[in-house]
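The residues making up each chain are set out below.
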Amino acid sequence: MQGASRSATSSTPVVGRRGEIARIDELLASARDGHGAVRVLRGPAGIGKSALLAYATRAATGFDVVAACGAEFEADLPFAGLHQLCVPLLSHLADLPTRHRDALRVAFGLDSGTPEVFRVGLATLELLAAAAGGPPLLCVIDDAHWLDTASSQALAFLARRITVEPIAVLFAIRTPCPADELDRLPGLVLEGLSDADARTLLATHRHVTLDDQVRERILAEARGHPLALLELPSAGGFAPPDPSSVETRIERGFSDRLSTLPDGATMLLIIASTDPTGDPGLLWPAAHLLGIDVATSSAAATATGLVEFGTRIRFCHPLARSAVYRVADAEQRRNAHRVLAEVTDPIADLDRQVWHRAQAASGPDDDVAAELERCAARAKARGGVVAASAFAARAAELSLDSAHRIDRTLLAVQAHLDAGTIDTAADLLNTVDNVDMDTRRNAHVDQLRGRIAFLRHNDDNGPNLMLRAAQRLAEVDPEQSRDTLLDALEMSMVVGRAHGVVNRVLDAAQFSAPASRAPDALDALAVLSEHGHRAAAPLLRTALDGGDEPLWIRRPALAVMIAGELWDQHVHAEIVDWLLKTGRQSGSPMTLRLGLAQATSRAVLTGDLAAAIAAVAEEEAIADATGAIPLDYPQLQLAAMRGHREAALPLFVEATQAATASGSGQLIANVRWAEAVLHNGLADYPAALTAAQQASAHGDLLLAGLALPELVEAAVRCGKGDVATAALDSLTERTLAAGTESGLGIAAYARGLVTGAEEHYVEAIEHLNESPLLPYRGRAHLLYGQWLRRAGRRRDCRLHLRTAHELLSGAGIDAFAQRAADELRATGEKARSRSGHAQDQLTSQELHIARLVATGATSNEVAARLFISPRTVDTHLRNIFRKLGISSRRQLRDRSDLGS
């Protein structure tokens, strides 16, 4: 099978390139053996990438081959490149599971819905694997730097997951180019040919006779550049020296070939360069509309060597296409777009037709602008946020009405923010003239500027802008004003820069006109700030409940913080379950990643470290699938509770550097809390004291409260009684107001540390026996056992130290377990060591797969969850069985060390 045709340069012989050819041969051999792989050929235009792709196609004997080619003028249409690659394989669509079949149908516009790029990528991997069920498969993607963003992301996703499938993937990317999704894939950087190889290639010009002086000059100027060696001899070498780049000179040479063409042939080439599909079914009718004599003009155009007309229109090189388009004047381009719009099917390809109409417009056109706005909405619904931004921006340019122009510009700004192109969004927003805007539009502009500032690491103006937006709305829409203030809080927490924002938001809330409503989170936080936890706790609970809907439906980060401030693990568990369920159902990567991060926190605090490891692995898989950076704080919390100094400290250093660079005070506080837990576990109390003081210094929601028990223990051990007492007072106020078993139990053992009274340890254990926080229950037994041993009550202390060791060691909380073992040893008893625990034998991904299979999940279900192929799951399972010394899925279900 064969996909899109490549350019005519595919016939160019490969001269030299022995190392690159060897790597391509290895890639093909690996795929033949059932081990898929990917390579990206990188280099400037004309360096020989397409020739190597053509070599790979010829060398792939026994393979099925599919191909696609990026097009500069199609880069805004979502999944266009992926569709081009997959068209020859769509006969296998029926072989896929329903969820994968539906994902591809939605992505290719065959069904309605909103596709998620990583799900489309996984579905494409399954489609390729189905196609490779017989002969191995070679996928060739030329000019990948011009792929639309959605296709690039989906292809990068599947390329990173091709491991045990007989599939080889080769990309060609022009450099330099902006960083994109394909950057992280393994590749080959193509440089100029050696002098000997350059002379060999130059000698292939049988129709040009060059004297020695001209030949040497061409060799010197070409610097081993293959396309230059093929094109420069046509000038005879007698042109004066040209300081411009080789690529520019080659493109200029292509343009020069148009100078002697008749007008009809030139216009035919311009139309061909304007249509990225290369479909003669569009080119010939479009040419007829302009009165072009197709037979005569196509013959003249073919004679230039720039283009070939056949079942597809093929330019000799991408630089030739761009040279033709750029040499056209504005009127010629508009005419080309106009006739292409007229011949494009508005039913099958409406978005492309509207785009051509927009490019054909010479001035404002409200009808076309309205069509573009509808295209933007369709693109956004299909996951094409880059296309949505392009459509909306062009709609704004064509809008005659100033209000429509502003609204469409703001729509384009929002689309760019959704696409992650923050600088472009900012530049576009700067074009908005707010002189004649009403209050709501001015507020909207401030909100967008605020969001941009929050997303920029070096911009601290986010809170100011959001507060100004709220102030603008205070009189015209008080409820929206309060919502904007809550949005400021939520965004500051999501990006980890909430230091000081809460107080500024609460100050601003005083100027928002009151509305008839139940107390909300702003009211609760204001009472907390002014009157403390006892007065605020009922209002905080009311805010979490939310009346019509829980707070976490719209503002999950704020809800997590408030639940933590209330020491309410049950509400936190509800939030986590909602986030995971919603993230999986909606396909929202951000929601699911937040849910998994919070699932890690819950598992760490409840001592289910196997579940925490699995959640971290899944979050990392989604981050990789979406091209994001994995979240730091779940890994920090897990490393701290496990208590392995050598593994944890590098993580802490790296996270501190990242937090400092990004200005994320919350992440710094997370690092300090994690350090305090680690060092208390390791009995390094001076280090724990310093870290706990830093973690609690700013009074952050949730984090300050969590750091206080660490501060009390470290301060007592370091003889800092005043520090311990002050921390205990703050902890007691918080936990008494919250009234949960968890909070009361932790405060009780902290009080025992300060007072030395046995009754407080007993009270702690009674409360924590009713709490899900296993690590703190184990620590309560440890501290009580230590107190009893120092009181000379050896028999009593052994009971509690043994309980502590069993709880902590069984959960894999190794540093605190070692403290319990040391205390037991001091009584003359040796603690039983843990052996053969799954979390010590398996990688994080293997542990996650083992946990899922233990619940009865099939390989297909696990693959969908972790964004890998079923074959990869089966490979992991074989490794899991080997490491654990088992041979069946049933035996996995019988293991108790895989967590709950």
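Residues numbered from 1 in each chain as written. Predicted model: local features only at pLDDT ≥ 70, side-chain atom pairs only at ≥ 80, totals over all residues. Heavy atoms only, no water.

Here's the deal with the overall build of the protein chain
Consideration 1: In terms of regular secondary structure, the protein chain is built from 46 helices and seven strands.
Consideration 2: Taken over the C-alpha trace, the protein chain has a radius of gyration of 33 Å; the compact-globule value for 900 residues is 29 Å, and the two agree within 12%.
Consideration 3: Reported as C-alpha extents along the three principal axes, the dimensions of the protein chain are approximately 105 × 70 × 55 Å.
Consideration 4: Among the 900 residues that make up the protein chain, the fraction classed as buried is 57%.
Consideration 5: Contacts in the protein chain between residues at least 24 apart in sequence constitute 68% of all its contacts with a sequence separation of at least 6.
Consideration 6: Of the side chains in the protein chain, 91 bear a positive and 111 a negative charge, and the two mean positions are spaced by 6 Å. (Helix = DSSP H or I, 4+ residues; strand = E, 2+ residues; numbered from the N terminus. Rg over C-alpha atoms; globule rule 2.2 N^0.38 Å. Buried < 20%, exposed > 50% of the residue type's maximum accessible area, 1.4 Å probe, protein only. Contact = heavy atoms within 4.5 Å. Lys, Arg positive; Asp, Glu negative; His and termini not counted. Charge placed at Lys NZ, Arg CZ, Asp CG, Glu CD.)

Focus: the packing of aromatic side chains
Consideration 1: Throughout the structure, instances matching the rule amount to five aromatic pairs.
Consideration 2: Where Trp284 meets Phe309, the ring centres are 5.4 Å apart and the plane angle is 50°; that geometry is what we call tilted. Remark: Phe309 occurs in strand 6 (residues 307-309) and Trp284 occurs in helix 12 (residues 280-289); sequence separation between them is 25 residues.
Consideration 3: Through successive ring pairs, a cluster of aromatic residues spans Tyr761, Tyr784 and Trp787.
Consideration 4: Its guanidinium or amino end placed over the ring of Tyr685, Arg717 lies 6.0 Å from that ring's centre, counting from NZ or CZ. (Phe/Tyr/Trp six-rings, centres within 6.5 Å; stacked < 30°, edge-to-face > 60°. Lys NZ or Arg CZ within 6 Å of the ring centre and 35° of its normal.)

Notes on the packing of helix 44 (residues 859-866) against helix 45 (residues 870-884)
When two helices pack together, their arrangement is given by the angle between the helix axes and the distance between those axes.
Consideration 1: Orientation of helix 44 relative to helix 45, taken along the N-to-C sense of each, is 105°, at an axis distance of 8 Å. Considering their axes alone, helix 44 and helix 45 lie roughly perpendicular with respect to each other. Counting all contacts with helix 44, which are made through Ser859, Asn860, Val862 and Ala863, the residues of helix 45 involved are Pro870, Val873, Asp874 and Leu877. (Axes fitted to C-alpha atoms, helices over the stretch in contact; angles between N-to-C directions. Parallel < 35°, antiparallel > 145°, perpendicular 65-115°, else oblique.)

Regarding the sheet that holds strand 5 (residues 187-189)
Consideration 1: If you walk across this open sheet you meet the five strands as 2-3-4-1-5, and the pairing is parallel. Edge positions in the open sheet fall to strand 2 (64-69) and strand 5, since each of these has one partner strand only. Strand-to-strand twist in this sheet, taken as the mean axis angle between neighbours without regard to direction, amounts to 15°.
Consideration 2: Strand direction decides the pairing type here: strand 2 and strand 3 (residues 137-142), joined by six bridges, are parallel. Its bridge partner being in strand 3, Val65 is matched across the sheet by Leu138.
Consideration 3: Against the sheet, helix 1 (residues 18-32) touches strand 1 (37-43), strand 3, strand 4 (167-174) and strand 5, its axis set at about 150° to strand 4. (Pairing = 2+ DSSP bridges.)

Section: the environment of Arg441
Consideration 1: Following the sequence through the fold, Arg441 ends up in helix 21 (residues 439-455).
Consideration 2: In the structure, Arg441 is positioned 31 residues away from Leu410 in sequence and 9.1 Å away in space, judged by C-alpha atoms.
Consideration 3: Contacts of Arg441, omitting those with residues within four sequence positions, involve Ala403, Ile406 and Asp407.
Consideration 4: One polar contact links Arg441 to Asp407, side chain to side chain, over a distance of 2.8 Å. (Polar contact = N/O pair within 3.5 Å; in protein donor to acceptor, adjacent residues only side chain to side chain.)

Structural notes on the pairing of strand 4
Consideration 1: For strand 4, the buried fraction is high: eight of the eight residues fall into the buried class.
Consideration 2: In strand 4, alternate side chains face the same way, and those of Ile167, Val169, Phe171 and Ile173 on one face and Ala168, Leu170, Ala172 and Arg174 on the other are all buried.
Consideration 3: Relative to strand 4, strand 1 runs parallel, the two being bridged by seven bridges. Pairing of Gly43 across the sheet is with Arg174, part of strand 4.
Consideration 4: By the bridge criterion, five bridges tie strand 3 to strand 4 in an arrangement that is parallel. Note that in strand 4 the partner of Leu138 across the bridge is Ala168.
Consideration 5: Handedness of the strand 3-helix 6 (residues 149-161)-strand 4 crossover: right-handed. (Right-handed = clockwise from strand over helix to strand, strands pointing away.)

Structural notes on the pattern of salt bridges
Consideration 1: Taken as a whole and judged by the stated rule, the model has 38 salt bridges.
Consideration 2: Across the salt bridge formed by Asp407 and Arg441, the nearest N and O atoms sit 2.8 Å from each other. You can see Asp407 sitting in helix 19 (residues 402-419) and its partner Arg441 sitting in helix 21, a full 34 residues away along the chain.
Consideration 3: Here the residues in one salt-bridge network are Asp483, Asp487, Arg554 and Arg555, joined through shared partners. (Salt bridge = Lys/Arg side-chain N within 4 Å of Asp/Glu carboxyl O.)

Focus on the side chain of Ser399
Consideration 1: In this structure, Ser399 sits in the loop between helix 18 (385-397) and helix 19.
Consideration 2: Judged by its relative accessible area of 2%, Ser399 is buried.
Consideration 3: In terms of polar contacts, Ser399 uses its side chain to reach the backbone carbonyl oxygen of Ala395, at 2.6 Å.
Consideration 4: Apart from the residues within four sequence positions on either side, Ser399 is in contact with Pro364, Asp366, Ala369, His404, Arg405 and Arg408.

Here's the deal with the confidence of the model for the protein chain
Consideration 1: Summarising the model, the protein chain shows a mean pLDDT of 86, and 92% of its residues fall at 70 or more.
Consideration 2: Scored below 50 in pLDDT, residues 1-11 shows 32 contacts in the model against residues more than four places distant or in partner chains.
Consideration 3: Below pLDDT 50 for its whole length, residues 235-244 participates in twelve contacts with residues either more than four positions away or in separate chains. (pLDDT = per-residue confidence, 0-100.)

Some words on helix 31 (residues 633-642)
Consideration 1: Of all ten residues making up helix 31, ten are buried, and the element is well covered by its neighbours.
Consideration 2: All of the buried residues in helix 31 are Tyr633, Pro634, Gln635, Leu636, Gln637, Leu638, Ala639, Ala640, Met641 and Arg642.
Consideration 3: Two residues or fewer past helix 31, Gly643 is found with a positive phi of approximately 80°.

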